[in-house]
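Breakdown of the fold
Given next are the chains, with one letter for each unit.
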Amino acid sequence: MGLTCAVRLAEAGHDTHVLARDLPLETTSAVAAAMWYPYLAQPREAVTRWAGRTFEVLEGLSRTHPQSGVRMRAGTELLSTDRPVDPWWRDAVPSLETVARPRDGYGSGWRMTVPVADMATYLSFLVDRLTAAGGTLTRAWLADLPDTGYVVNATGLASRALADDESLTPVRGQVVRVVQIGLDEWLLDDSDPARPLYVVPRERDVVVGGTAERGSWDRTPDPATTRQVLARATALVPELAGAQVVGHRVGLRPARPTVRLEAVPHQSGSEGGVVHCYGHGGAGVTLSWGCADDVLHAVEHLAEVTPVAQKPALR
Ligand SMILES: Cc1cc2nc3c(=O)[nH]c(=O)nc-3n(C[C@H](O)[C@H](O)[C@H](O)COP(=O)(O)OP(=O)(O)OC[C@H]3O[C@@H](n4cnc5c(N)ncnc54)[C@H](O)[C@@H]3O)c2cc1C
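All of these numbers come straight from a predicted model, not from anything done at the bench. Per-chain numbering applies: the sequence of each chain, read as written, is numbered from 1 onward. With pLDDT at 70 or above as the cut-off, local features in this predicted model cover only qualifying residues; side-chain atom pairs require 80 or more to be listed or tallied, and sums for whole chains, interfaces and linings still use all residues. Hydrogens and water molecules were not included; the side-chain quantities draw on all heavy atoms of the structure.

**Considering the sheet that holds strand E13 (residues 260-265)**
Keep this limit in mind: Strand pairing is defined by DSSP finding a minimum of two bridges between the two strands. Only DSSP runs of H or I covering at least 4 residues are called helices, and only runs of E covering at least 2 are called strands; the numbering of each starts at the N terminus. Lines fitted to the C-alpha atoms define the axes, with helices restricted to the stretch that makes contact. Angles between their N-to-C directions range from 0 to 180 degrees. The criterion used for residue contact is that any of the two residues' heavy atoms lie within 4.5 Å.
Pairing in this open sheet of three strands is mixed, and the strands run E6-E14-E13 from one edge to the other. Two strands in the sheet have a free side with no partner beyond their single neighbour: strand E6 (149-153) and E13. Pairs of neighbouring strands in the sheet enclose a mean axial angle of 10°, with direction left out of account. Across six bridges, the pairing between E13 and strand E14 (residues 272-278) is antiparallel. From the neighbouring strand, glutamate 262 faces E14, where its bridge partner is histidine 276. Set on the sheet, helix H6 (residues 284-304) makes contact with E6, E13 and E14; between it and E14 the angle comes to about 165°.

**Focus: the site of the ligand**
The test is simple: Nearness is judged by heavy atoms alone; a residue qualifies as near a molecule or strand once a single heavy atom is within 4 Å of it. N or O atoms closer than or at 3.5 Å make up a polar contact, with two conditions inside protein: a donor-capable atom paired with an acceptor-capable one, and, for residues adjacent in sequence, both atoms drawn from side chains. Each accessible area value is a Shrake-Rupley result obtained with a 1.4 Å probe; residue values ignore everything except the protein chains displayed when judging cover. Classification used: nonpolar for Ala, Val, Leu, Ile, Met, Phe, Trp, Tyr, Cys and Pro, charged for Asp, Glu, Lys and Arg, polar for all others including Gly.
Looking at the ligand, there are 34 residues lining it, with Asp22, Ser29, Met35, Gly281 and Thr286 nearest. The separation between a nitrogen atom of the ligand and a polar main-chain atom of alanine 33 is 3.3 Å. Valine 285 is positioned with one of its backbone polar atoms (N or O) 3.1 Å from an oxygen atom of the ligand. Across the complex, the protein chains shield 93% of the 1000 Å² of accessible surface that the ligand would expose by itself. Of all the elements in the fold, those that place two or more residues in the shell around the ligand are strand E1 (17-20), strand E7 (169-179), strand E12 (245-255) and H6. Counted by class, the shell around the ligand contains 19 nonpolar, twelve polar and three charged residues.

**Quick notes on the pattern of salt bridges**
Note the following rule: Think of a salt bridge as a Lys or Arg side-chain nitrogen and an Asp or Glu carboxyl oxygen that are within 4 Å of each other. When a residue's accessible area, from a 1.4 Å probe over protein chains only, is under 20% of the maximum for its type it is buried; when over 50% it is exposed; and in between it is partly exposed.
As enumerated under the stated definition, the model contains 20 salt bridges in all. The salt bridge partner of arginine 71 is glutamate 203, with a shortest N-O separation of 3.0 Å. One end of the pair, arginine 71, is in strand E2 (residues 70-79); the other, glutamate 203, is in the loop between strand E9 (197-201) and strand E10 (205-209), with 132 residues separating them in the sequence. Residue arginine 71 is classed as partly exposed on the basis of its relative accessible area of 35%. For glutamate 203, a relative accessible area of 48% translates into the label partly exposed. Arginine 256 is paired through a salt bridge with aspartate 165; the nearest N and O atoms lie 2.8 Å apart. One end of the pair, arginine 256, is in the loop between E12 and E13; the other, aspartate 165, is in the loop between helix H4 (159-162) and E7, with 91 residues separating them in the sequence. In this pair, the class of arginine 256 matches that of aspartate 165, namely buried. Residues joined in a network through salt bridges with shared partners are Arg8, Arg53, Glu56 and Asp293.

**Remarks on the state of the cysteines**
This is how the line gets drawn: Cysteine sulfur pairs qualify as disulfides if the two atoms are within 2.5 Å.
Under the criterion given, the structure shown has zero disulfides. Cysteine 5 forms no disulfide, and the closest cysteine sulfur to it belongs to cysteine 277, at a distance of 4.4 Å.

Shown next as structure tokens:
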């Protein structure tokens, strides 16, 4: 999220510097599958708008910048009902087709073609774009948010402490990566909220997940969970049987009742303020470009407002 905001700001001509405790490949974002899908993020109206904008940008990248690691992939979300209604985020996706009985045991499904990002490649692509626009990325751990200048707080779950926000909760996700075995389409079954099942093919591997354990801070992959995830996925996608496992990862989704995207002037009255942008749950990639547009707008709006300390009446 922070990198996307930084690219947006730097390319709009702002002097932009990212400070991060973990470098891109060490973050929660690097664990993401990462397909476009509005999952565990609210509120509906804003999420639909952010997701729609991000779809546009990622779809464009898949055509104009294949080196970005973003690719359009068709797939199916499996539904138990045989009378599906459109998802609440329907307006964010250009086309969505309802199909009957896509698999045994499922009454219907939504078929759609969505962007999928290979995060290792995509995050490096964003870093390159940031530096090409004059921005920088430095490893740095901040004990507090700076209280001068223009600050974008995109620290995900760490905003619990940095922004004193106890409404943020981890939703633990465990995934296993197997070698690419010729799969082209993704598959998703979100009917069990604690055990979303997804198979997301990428160029060199296939991400198989997963779990959604609310309140768990445990970052260690559990071998029993891996076995269960693979067994459930193989029942749906038999080609996965015996596929070589190349990695296990756990990430803590930064869930919040609603995404926080809000500008707050510095309490000290000094110029600038903090634009908070966190709490994207299971949809940080899906909402990234839409939120980055709003962050850019919020930063520029903060800059337009006369700093409180310089207003004679308030001095
Ligand atoms: C298993 C799994 C699968 C997922 N699949 C998808 C998917 O398919 N599609 C999708 O859209 N989303 C998916 N997500 C969700 C997505 O990964 C998150 O929404 C996203 O990573 C949140 O991004 P972020 O930038 O807010 O947080 P992070 O990626 O956690 O980045 C936060 C940054 O802030 C830095 N930071 C924190 N504290 C400090 C500090 N004190 N000082 C300095 N820096 C600090 C961190 O080091 C890090 O660089 C998935 C998540 C998981 C766990």
